[in-house]
Amino acid sequence: MRPPLLLRPALLVLLAATWGANGQEFTRQVLVRPTVDPYTVQASVRTLSGPTSGVFRGGYADGPGDRARYMHPAGVAAGNEGIVYLADARNHVIRTVYPSGWAETLAGSGTPGLLDGLGREAQFYNPSAVTVGPSGEVYVADSSNHAVRRVSAQGEVVTLFAGKSWVTAEKRLSSPPLGLWNPQGIVAWPDENALVRLVVADTDNHRLLWLSPPDHHATFQLSYETAPPPPEAAA
């Protein structure tokens, strides 16, 4: 039996997605609109940025949507005014994609490394995930650097935490690793004091971490305390 009408989907869903086949990647925007019958969904797909015809090969190029090129885009996050931020993993850069499809490099030289700096002076190494903070700053899970980085709206890159750490399962029980190992997920939101808190997927250490700075400009410290329960659980 179908659920009541109020439980049926009725909203436009906008998804920024990546597509890959045989090592060839591009970025797509997917629009899903329920038809008259909410259980019959008609989906339209169009390329937001990247090649639209011919052989889809990875590459690196800024510019208009159909001329922009990416290499293994691995994570996207929505910013203000329809802007999408992209972790362009194999190009080792963070890209900005506008609603028109125009792509720009926000930060990264394109050469793998761990270096802070402004715009193309900075270096990343296989960044895999991004999230956007309340002031428009972008936080990056810089996977092969085993680091968390912050990129300002102007492209200034600061390393918040870095350092590979791994211990055996036996040692983990008594002494958790003090660093990150191949982080591949990150999400940010302001806490009750309007400061940014991050949850990082510390992938190869098989855990989630809270990272909380004392202010917006401080370096994060790892915390092993139990995370607070969600509001509904606390109530």
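Above: the structure in question.
The paragraphs below set out a description of the structure included in this document. (Residues numbered from 1 in each chain as written. Predicted model: local features only at pLDDT ≥ 70, side-chain atom pairs only at ≥ 80, totals over all residues. Heavy atoms only, no water.)

### Re the pattern of salt bridges
At step 1: Summed over all chains, the structure comprises six salt bridges.
At step 2: In this structure, Asp62 and Arg120 form a salt bridge, with 3.0 Å as the shortest nitrogen-oxygen distance. Here Asp62, found in the loop between strand S3 (41-49) and strand S4 (73-78), pairs with Arg120, found in the loop between strand S8 (117-118) and strand S9 (127-132); they are 58 residues apart in sequence, far enough to count as distant.
At step 3: On the basis of relative accessible area, Arg120 is assigned to the partly exposed category, the value being 48%.
At step 4: Residue Asp88 is joined to Arg95 by a salt bridge in which the shortest nitrogen-to-oxygen separation is 2.5 Å. Across the pair, Arg95 and Asp88 agree in class, each one buried.
At step 5: Linked through salt bridges whose partners overlap, the residues forming this network are Asp62, Asp88, Arg95 and Arg120. (Salt bridge = Lys/Arg side-chain N within 4 Å of Asp/Glu carboxyl O. Helix = DSSP H or I, 4+ residues; strand = E, 2+ residues; numbered from the N terminus. Buried < 20%, exposed > 50% of the residue type's maximum accessible area, 1.4 Å probe, protein only.)

### Comments concerning the nonpolar core
At step 1: Membership of the largest hydrophobic core comes to 15 residues, with the highest contact counts inside it found for Ile94, Phe124, Val130, Val138, Val140 and Val151.
At step 2: Elements with a contribution of two residues or more to this core: strand S5 (84-88), strand S7 (103-107), S9 and strand S10 (138-142).
At step 3: The residues touching Val130, leaving out its near neighbours within four places in the chain, are Gly75, Val76, Ala77, Tyr85, Ala87, Ile94, Val138, Tyr139, Val140 and Ile186. (Core = buried A, V, L, I, M, F, W, Y, C linked by side-chain atoms within 4.5 Å. Contact = heavy atoms within 4.5 Å.)

### Structural notes on the pairing of S5
At step 1: S5 sits mainly inside the fold: five of its five residues count as buried.
At step 2: Side-chain alternation along S5 places Val84, Leu86 and Asp88 on one buried face and Tyr85 and Ala87 on a second face that is also buried.
At step 3: Two elements, S5 and strand S6 (residues 93-97), share five bridges in a ladder whose sense is antiparallel. In the strand pairing of S6, Asp88 is matched with Val93.
At step 4: From the end of S5 to the start of S6, which pair antiparallel, there are four residues, and His92 there has a positive phi angle of about 60°. (Pairing = 2+ DSSP bridges.)

### Topic: the sheet that holds strand S12 (residues 156-162)
At step 1: Read from one edge to the other, the open sheet built from five strands follows the order S8-S12-S11-S10-S9, with strand pairing classed as antiparallel. With partners counted over all chains shown, the strands left at the sheet margins are S8 and S9, one partner each.
At step 2: In this structure, strand S11 (residues 147-151) lies alongside S12, joined through five bridges in antiparallel fashion. Opposite Arg149, over in S12, you have Thr159 as the bridge partner.

### Concerning the environment of Gly75
At step 1: In this structure, Gly75 sits in strand S4.
At step 2: Residue class for Gly75 comes out buried when judged on its relative accessible area of 13%.
At step 3: With 66 residues separating them along the chain, Gly75 and Ala141 place their C-alpha atoms 9.5 Å apart.
At step 4: For Gly75, the contacting residues outside a window of four places in its chain are Tyr85, Leu86, Ala87, Ser128, Ala129 and Val130.

So, to be careful, I would describe these as geometric facts and stop short of saying anything about function.
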